[in-house]
Amino acid sequence: GVRASYQLLWANDVITNLLICQACTCTSETRPITEMRQEESAQTIKELLDYMTEQNGTVDRCRKLSLLPPLTIGLSDSWDFAAQEIARQLGIGANQVEEAWNSLARQMIRLGREAIEDGWITRDWVLEIPVELCIGLPARTILDTVERSRNSGEIVLSSGLKLSMEDRPRGNEIFEEIWDNLMAAREARAQIKLTDGERECLCAMLLAGGGDADQLPPGLSAILGRSEAYLGSKHAACQDVVRPLISISILCSKQHLFKKKLRVIIEGITSDDAEDYLRVIRRHSTADALD
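As the structure is a computational prediction, the values presented were derived from the model and not from experiment.

On to the overall build of the protein chain, then. Helix and strand counts for the protein chain come out as 14 helices and two strands. When the 291 residues of the protein chain are sorted by exposure, 46% land in the buried category. Of the contacts made within the protein chain by residues no fewer than 6 positions apart, 68% connect residues no fewer than 24 positions apart. With the model as given, the accessible surface of the protein chain reaches about 15200 Å², and the carbon-plus-sulfur share is 52%.

What follows is the structure, given as structure tokens:
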């Protein structure tokens, strides 16, 4: 369709400009491009072929040759390509992006299994994949991220990767909205001091995913029901933390890639052997199992 036609147009532009660069005379104006060595041409062609066949998402050489932006692939539902693109924007390796995701996934599995063990939720409820869980579990997990991020304007992922206002991914409305909500949640959380019991209430509010108490398992419903009275004057401040984190989860839940990953996490939470699913999630990572 239109996407395939554009991809062919873009590839043709890359090849045409590559041939022009090989043939043109080097001048002060053309020097930045014509300094591409002859042996690099073959590498550029290989990069283009890998991209077209979805074997590799890196198109750095091709970007220098075409005025047109590359298509985010029919390829838009390829996690490998998405990881490559985020890595390119951050100036890091795609393996670091992959490990950041793996670390988040391990956290979600750990927190989900702990919630079952503590009687907050049930395995059967998780297997139903309710919308409250799909929104609440990521929101609860991201709470740990904002609590870990001590400096204003900075987010520290569990993998150790740090994102700041200066080097965060840009150019995507979803990234921008997620970042704004992360900053709002981080600032709101930094403003309140919570006891262990009060933080437990905050965690329950997040895990509930904005759902009504009667739609939740009895354990989680009970904690949620007493949260407002228990938190007292801090309840409104906790809501300032909850709202942006829930907004992030809702944004993520609409993304096809995230939904595919979440299904594996659900299986990991309910599996008798979570390690089997952690190996799937890690893919090429060498990280250890559950923390």
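With that out of the way, let us pick up the environment of leucine 245. When you line up the elements, leucine 245 lands in helix H12 (residues 235-253). It is 9.3 Å that separates the C-alpha atoms of leucine 245 and isoleucine 135, two residues lying 110 residues apart in sequence. Residues within four places of leucine 245 in sequence aside, it is in contact with Ala139, Ile142, Leu143, Val146, Ala185 and Leu206.

Below, the discussion takes up the nonpolar core. Among the nonpolar cores identified, the biggest contains 54 residues, and Trp120, Leu245 and Ile265 are the most heavily contacted of them. Elements with a contribution of two residues or more to this core: helix H6 (94-117), helix H7 (123-127), helix H8 (131-148), helix H9 (173-190), helix H10 (196-207), helix H11 (218-231), H12 and helix H13 (256-270). What tryptophan 120 contacts, discounting residues up to four positions off in sequence, is Ala115, Glu200, Cys203, Ala204, Leu207, Pro217, Gly219, Leu220 and Ile223.

This part covers the pattern of salt bridges. Overall, the coordinates contain eight salt bridges when judged by the stated rule. Close ionic contact of arginine 199 with aspartate 144 constitutes a salt bridge, the shortest N to O distance being 2.9 Å. Remark: aspartate 144 occurs in helix H8 and arginine 199 occurs in helix H10; sequence separation between them is 55 residues. Between glutamate 147 and arginine 189 there is a salt bridge, with its nearest N and O atoms 2.8 Å apart. With glutamate 147 in helix H8 and arginine 189 in helix H9, the pair connects residues that are 42 residues apart, well separated along the chain. Members of the salt-bridge network, linked through shared partners, are Arg140, Asp144, Glu147, Arg189 and Arg199.

The next thing to look at is the packing of H8 against H9. One can describe the packing of H8 onto H9 by two numbers: an axis separation of 9 Å at closest approach and a directional angle of 65°. Judged on the interaxial angle alone, H9 and H8 are roughly perpendicular. When you trace H8 past H9, the crossing you get is right-handed. Residues Ile142, Leu143, Val146 and Glu147 of H8 form the contact with H9, whose participating residues are Leu182, Ala185, Arg186 and Arg189. Taken together, the residues of the contact of H8 with H9 sort by class into five nonpolar, no polar and three charged.

On to the confidence of the model for the protein chain. Taken as a whole, the protein chain shows an average pLDDT of 76; of its residues, 64% reach a score of 70 or greater. When pLDDT is averaged over each helix and strand of the protein chain, the minimum, 49, is found for helix H2 (residues 31-34) and the maximum, 97, for H10. pLDDT under 50 marks residues 72-79. Its contacts with residues more than four places away, or in other chains, come to 24 contacts. Note that residues 283-291 has pLDDT below 50 and, in this model, 22 contacts with residues that lie over four places away or in other chains.

A cluster of nonpolar side chains, namely Ile15, Leu19, Ile45 and Leu49, defines an oily patch on the protein surface of about 340 Å² accessible area. Mapped onto the nonpolar patch, the elements with two or more residues apiece are helix H1 (2-23) and helix H3 (38-52). Summarising the element assignment, isoleucine 15 is placed in helix H1. Taking relative accessible area as the criterion, isoleucine 15 reaches 36% and is therefore assigned partly exposed.

So, on to the environment of alanine 184. Tracing the chain through its elements places alanine 184 in helix H9. Owing to a relative accessible area of 38%, alanine 184 belongs among the partly exposed residues under this scheme. The spacing of alanine 184 and glycine 153 is 31 residues in sequence and 9.9 Å in space, taken between C-alpha atoms.

With that settled, the discussion passes to the packing of H10 against H12. At a closest axis distance of 10 Å, the pairing of H10 and H12 adopts a crossing angle of 35°. In this structure, H10 meets H12 at a crossing whose hand is right-handed. Contacts between H10 and H12 involve Leu202, Met205 and Leu206 on the former and, on the latter, His235, Cys238, Gln239, Val241, Val242, Leu245 and Ile246.

Once that is clear, we can look at a negative patch on the surface. Taken together, Glu117, Asp118, Asp196 and Glu200 make up a surface patch of like negative charges. Structurally, aspartate 196 can be placed in helix H10. By relative accessible area, which is 73% here, aspartate 196 ends up exposed.

To continue, consider the side chain of serine 249. Inspection of the secondary structure puts serine 249 in helix H12. Non-local contacts of serine 249, meaning those with residues more than four positions away in its chain, are made with Ile135, Pro138 and Ala139.

Quick notes on the rules
- Residues numbered from 1 in each chain as written.
- Predicted model: local features only at pLDDT ≥ 70, side-chain atom pairs only at ≥ 80, totals over all residues.
- Heavy atoms only, no water.
- Helix = DSSP H or I, 4+ residues; strand = E, 2+ residues; numbered from the N terminus.
- Buried < 20%, exposed > 50% of the residue type's maximum accessible area, 1.4 Å probe, protein only.
- Contact = heavy atoms within 4.5 Å.
- Areas by Shrake-Rupley, 256 points an atom, 1.4 Å probe, with all protein chains shown as cover.
- Core = buried A, V, L, I, M, F, W, Y, C linked by side-chain atoms within 4.5 Å.
- Salt bridge = Lys/Arg side-chain N within 4 Å of Asp/Glu carboxyl O.
- Axes fitted to C-alpha atoms, helices over the stretch in contact; angles between N-to-C directions.
- Parallel < 35°, antiparallel > 145°, perpendicular 65-115°, else oblique.
- Left-handed = near helix turned anticlockwise from the far one by under 90°.
- Nonpolar A, V, L, I, M, F, W, Y, C, P; charged D, E, K, R; others polar.
- pLDDT = per-residue confidence, 0-100.
- Patch = residues over 30% accessible without salt bridge, like charges linked within 9 Å, V, L, I, M, F, W, Y side chains within 5 Å.
- Lys, Arg positive; Asp, Glu negative; His and termini not counted.
- Charge placed at Lys NZ, Arg CZ, Asp CG, Glu CD.

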